[in-house]
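Residues per chain, in single letters:
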Amino acid sequence: MDPLDMADLSKAVEGVNLSNPLEDNNTAGKQKLVAGRTALGIAQGRIERKRLSDKAYRDRRKEERNKMQDELHKLTVENKHLKLAIQSLKAERHSMNLKLQSATTATKQLQNAVNKRRRQNVDAGKHLTKPKI
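Within any chain, residue numbers begin from 1 and follow the written order of that chain's sequence. Thresholds applied to this predicted model are a pLDDT of at least 70 for local features of residues and 80 or more for the giving and counting of side-chain atom pairs; totals over whole chains, interfaces and linings are not thresholded and use all residues. With hydrogens and water excluded, all non-hydrogen atoms of the structure serve as input to the side-chain values.

**Section: the overall build of the chain**
Looking only at helices and strands, the chain has two helices and two strands in total. Think of it this way: any DSSP run of H or I at least four residues long counts as a helix, any run of E at least two long counts as a strand, and we number them from the N terminus. The linear arrangement of helices and strands in the chain, starting from the amino end, is α-β-β-α. Accessibility here uses a 1.4 Å probe with only protein chains present; expressed as a share of the type maximum, an area under 20% marks a residue as buried, one over 50% as exposed, and anything in between as partly exposed. Split into buried and exposed, the 133 residues of the chain put 2% on the buried side. Surface accessibility follows the Shrake-Rupley procedure with a 1.4 Å probe radius. Residue values consider only the protein chains on display as shielding. Total accessible area on the chain stands at roughly 12,700 Å², and carbon and sulfur atoms take up 58% of it.

**With respect to the pattern of salt bridges**
When a carboxyl oxygen of Asp or Glu lies within 4 Å of a side-chain nitrogen of Lys or Arg, that pair is called a salt bridge. Per the stated rule, a full pass over the model turns up four salt bridges. For Asp59, the salt bridge goes to Lys55, with nearest N and O atoms at 3.1 Å. One end of the pair, Asp59, and the other, Lys55, are both in helix H2 (residues 39-128), four residues apart, so they sit about a helical turn from each other. We note a salt bridge from Arg61 to Glu64, for which the minimum N-O separation is 3.1 Å. Highlighted residues: Arg61 and Glu64, both in helix H2, separated by three residues, approximately one helical turn. Take Glu64: its relative accessible area is 41%, and that puts it in the partly exposed class.

**What about the confidence of the model for the chain?**
Residues shown with low pLDDT carry predicted positions that ought not to be read at fine detail. pLDDT is a per-residue confidence score from the predictor, ranging from 0 to 100. For the chain, per-residue confidence averages 80 on the pLDDT scale, and 66% of positions sit at 70 or higher. Confidence over residues 15-25 falls short of pLDDT 50; this stretch has twelve contacts with residues more than four positions distant or in other chains. Contact between two residues is taken to exist if any of their heavy atoms lie within 4.5 Å; hydrogens are not considered.

**What to know about a negative patch on the surface**
Among the surface-exposed residues, Glu63, Asp70, Glu71 and Glu78 lie close enough to one another that they form a single negatively charged patch. Turning to its location among the elements, Glu71 is positioned in helix H2. Looking at Glu71, the relative accessible area reads 37%, which means it is partly exposed. Patches were defined on residues exceeding 30% relative accessible area and lacking a salt bridge, with like-charge contacts within 9 Å and nonpolar side-chain contacts (Val, Leu, Ile, Met, Phe, Trp, Tyr) within 5 Å. Charge counting treats Lys and Arg as positive and Asp and Glu as negative, with His and both chain ends excluded. Positions of charges follow a simple convention, taking NZ of Lys, CZ of Arg, CG of Asp or CD of Glu.

Following this line, the structure appears as structure tokens:
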């Protein structure tokens, strides 16, 4: 046997993990350090950032939903006021139409009376004028 194989075999017998012979035996079974942080620390950081990002998203959606509900309430109230204004204007229009019809009828009656007087005056004037020779 090769001397390296013998050393590996003796370490395996002693209970040392030889899953990666290139890895330092001091860090075997421990997490690798990545730029001063462990892989677990990196994963926990990602989880925390995701949790914060999700919370911020939920908060934005909640705020947006509240704004939309406020806007809906405001527009509902405005719509009710506009419907009442429409009803009032329709009633006023109906009242004005009745007044207009009454005034139109009175105007026609006065016009007929004026025309009748004119005809009477014309007819009376014909009798009073001297015939032309």
